[in-house]
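Overview (structure and organization)
The primary structure of each chain is shown beneath.
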Amino acid sequence: MLTPAQVQTATRLRQIFLEAGFTADGVLGLLGASAYAALARDEFVPARRVLQDKAGLLVDLVRLFIVDEVLDAHDLSEGFPVAELRSLDLIEGGEQIHAVVDVRPYGEPDTDWYVVSDHSAGRGARSRDEVAVDHVLGVGGASLTLARITPRIPVDRALDIGTGCGVQALHLSRHSRDVVATDNNPRALLCAQLTAALSGYRWDLLEGSFLAPVVGETFDLIVSNPPFVISPGHRYTYRDSGLAADELGRQLVGRIPQYLRPGGVAVFLANWLHIRDQDWRERVTDWVRGSGCSAWIAQREVQESAEYVGLWLRDAGHAGPDQDRRYEEWLQALEEWGTTAIGFGWIVLTPSSEPWIQVEDVSTAKRQPGGAEVMESLDHFQCLQKFDAVAMLSGIPTVAAGVVLQETQLATSDGHWSGGPATLVHPSWRQDEFLDAVTKVMINLCDGQRTVNQVIDDAAAQLQSDPDEVLAIGLFRLRELVGRGFLHLARGH
């Protein structure tokens, strides 16, 4: 781990970076939008083309750490911090200098951070076909998803399980008094400490598997982007748990609740198997039952087995002639587990005296929810628990602010117009809801004055339908729309 002297060096280096404009905005301004976007795809030719006729400290830092080029020590810009970089073991070489790690500017709109990780496979000065077993991943799609959906509520203590390079800990530092982070990869903890020091933070970094380093402790907020990949072995620390099938998700759900304080929240990513002749919702729901927590389980994507295996084999680089064998073994393992597909998603837990479980597919949502929207969703689900079927009939439904009812008019063969499909549009991340004729009429009656029972009776009268039939449809659909935030439900007087 870093010595006190190295932490002080990191503080000086941070200031040098900032003064040079080595920030996310600075790199974007230097490279332009197209070349900058290509970096996220591990495509570096556009950046090299932009940089080839440029000079200066910012240019050198981008070439060294992001594009991973070898720099001639005699051609370095004035003020290049060779001594500081060597002190932190960020560079190697004498006449020819190259980066040991990727140092990537990152941040939020009002702050600048630096994320230290390993270079991806097939890149730069020390290019290799496949990443190392202890490879430390940088900022990726999964880490950005978790950062987005994590509630940014002020807390006393926060825990990042499997911190890796420290991306989640950076975000937690904005609203947590103390940040604790664990990882069983010593190299990851070193990268995380560098990330913290260069970003102006200090975290309690603990070596060990998942929750083992914090036994007996409790937290207000727990987050984790764990090694969730469902694979037949443990090849890479950053993605493979070494547990069979989707056992990692089940174990995290089973263990995390005892580390949550009352009112606390845990948010983590997971993969789960779709098993032949089983409903995936029931499988994942079984993980939560008896945990003492309410849970929101959301599936954002599904992949079939070959697509899934191909994705993660490419993620680690190219393994040469061994690739086909590994592909076959992986597919064979998935087949033996009865896999029909693999789901990607997130799980949110919060302690509850009367636990509820909400499982849904959000793959068609307009976007991923933000942290505040996650908390709103928990409130909507919690609201539903106050209303069983009988209580709901006396509840008073109101259309949520900003929700729009869009109705389509269709031209008929005789030149007239007739009512067509209707859609309920939510202003947030939720997918739009297509409405059947019964639900469309009921929505127009949810004026904050009528009870659900009155809405159903009035809808039946307008439709000239059997009230019992409208009741069966109405209770189900109105309850569903309350859970998704399209309607608010208050107790009747």
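Notes on the structure follow. Just so you know, these numbers come straight off a predicted model, no measurement behind them.

Within the protein, the secondary structure is distributed over 18 helices and 18 strands. Expressed as lengths along the three principal axes of its C-alpha atoms, the size of the protein is roughly 90 × 55 × 50 Å. Looking at the protein residue by residue over its 493 residues, the buried ones come to 52%. Sequence-distant contacts, at least 24 apart, represent 69% of the contacts inside the protein between residues at least 6 apart. About 22000 Å² of surface is accessible on the protein, with carbon and sulfur atoms providing 49% of the total. If you average the places of the 42 positive and of the 67 negative side-chain charges in the protein, the two averages end up 3 Å apart.

Even without glycine at this site, phenylalanine 210 takes up a positive phi of about 50°. Mapped onto the secondary structure, phenylalanine 210 falls in the loop between β8 (204-207) and β9 (219-224). On the basis of relative accessibility, which here comes to 18%, the residue phenylalanine 210 falls in the buried class. If you check the backbone angles, alanine 245 has positive phi at about 50° while not being a glycine. On the secondary structure map, alanine 245 appears in the loop between β9 and α10 (247-255). Classification of alanine 245 as buried rests on a relative accessible area of 17%.

Before going further, it helps to spend a moment on the packing of helix α12 (residues 305-315) against helix α13 (residues 323-336). Relative to each other, α12 and α13 sit at 135°, their axes nearing to 10 Å. In terms of orientation, α12 lies oblique with respect to α13. Pair α12 / α13 crosses with right-handed handedness. Here Ser305, Ala306, Tyr308, Val309, Gly310, Trp312 and Leu313 of α12 lie close against α13, whose contacting residues are Gln323, Arg326, Tyr327, Trp330, Leu331 and Leu334. For the contact of α12 with α13, the class distribution of residues is 9 nonpolar, 3 polar and 1 charged.

The subject of this paragraph is the packing of aromatic side chains. Scanning the entire structure with this criterion turns up 16 aromatic pairs. An angle of 20° between the planes, with centres 5.9 Å apart, marks the rings of phenylalanine 22 and tyrosine 114 as stacked. You can see phenylalanine 22 sitting in the loop between α1 (4-20) and α2 (24-31) and its partner tyrosine 114 sitting in strand β5 (residues 111-117), a full 92 residues away along the chain. An identical accessibility class is assigned to phenylalanine 22 and tyrosine 114; each is buried. Its guanidinium or amino end placed over the ring of phenylalanine 387, arginine 491 lies 5.0 Å from that ring's centre, counting from NZ or CZ.

Right, let's talk about the environment of serine 291 for a bit. With respect to the secondary-structure elements, serine 291 resides in the loop between α11 (280-288) and β11 (293-303). On a C-alpha basis, the gap between serine 291 and tryptophan 346 in space is 17 Å, while along the polypeptide they are 55 residues apart. Setting aside residues up to four positions removed in sequence, serine 291 forms contacts with Val253 and Pro257. Within the structure, serine 291 has its side chain in polar contact with the backbone oxygen of valine 288 (distance 2.8 Å).

Where α10 is concerned, the buried positions are Leu248, Gly249, Leu252 and Val253. Projected down its long axis, α10 carries its buried residues within an arc of 130°, all on one side. Of the surrounding elements, those touching the buried residues of α10 are β10 (260-275), α11 and β12 (339-351).

Moving on, we come to the sheet that holds strand β3 (residues 96-99). On the basis of which strands lie adjacent, the open sheet formed by 3 strands has the order β1-β3-β2 and antiparallel pairing. The open sheet has two edge strands with one neighbour each: β1 (71-72) and β2 (91-92). Sheet strands in contact with helix α5 (residues 57-66) are β1, β2 and β3, and its direction is about 65° off that of β3.

Rules behind the numbers
Residues numbered from 1 in each chain as written. Predicted model: local features only at pLDDT ≥ 70, side-chain atom pairs only at ≥ 80, totals over all residues. Heavy atoms only, no water. Helix = DSSP H or I, 4+ residues; strand = E, 2+ residues; numbered from the N terminus. Buried < 20%, exposed > 50% of the residue type's maximum accessible area, 1.4 Å probe, protein only. Contact = heavy atoms within 4.5 Å. Areas by Shrake-Rupley, 256 points an atom, 1.4 Å probe, with all protein chains shown as cover. Lys, Arg positive; Asp, Glu negative; His and termini not counted. Charge placed at Lys NZ, Arg CZ, Asp CG, Glu CD. Axes fitted to C-alpha atoms, helices over the stretch in contact; angles between N-to-C directions. Parallel < 35°, antiparallel > 145°, perpendicular 65-115°, else oblique. Left-handed = near helix turned anticlockwise from the far one by under 90°. Nonpolar A, V, L, I, M, F, W, Y, C, P; charged D, E, K, R; others polar. Phe/Tyr/Trp six-rings, centres within 6.5 Å; stacked < 30°, edge-to-face > 60°. Lys NZ or Arg CZ within 6 Å of the ring centre and 35° of its normal. Polar contact = N/O pair within 3.5 Å; in protein donor to acceptor, adjacent residues only side chain to side chain. Arc of directions from axis to C-beta. Pairing = 2+ DSSP bridges.

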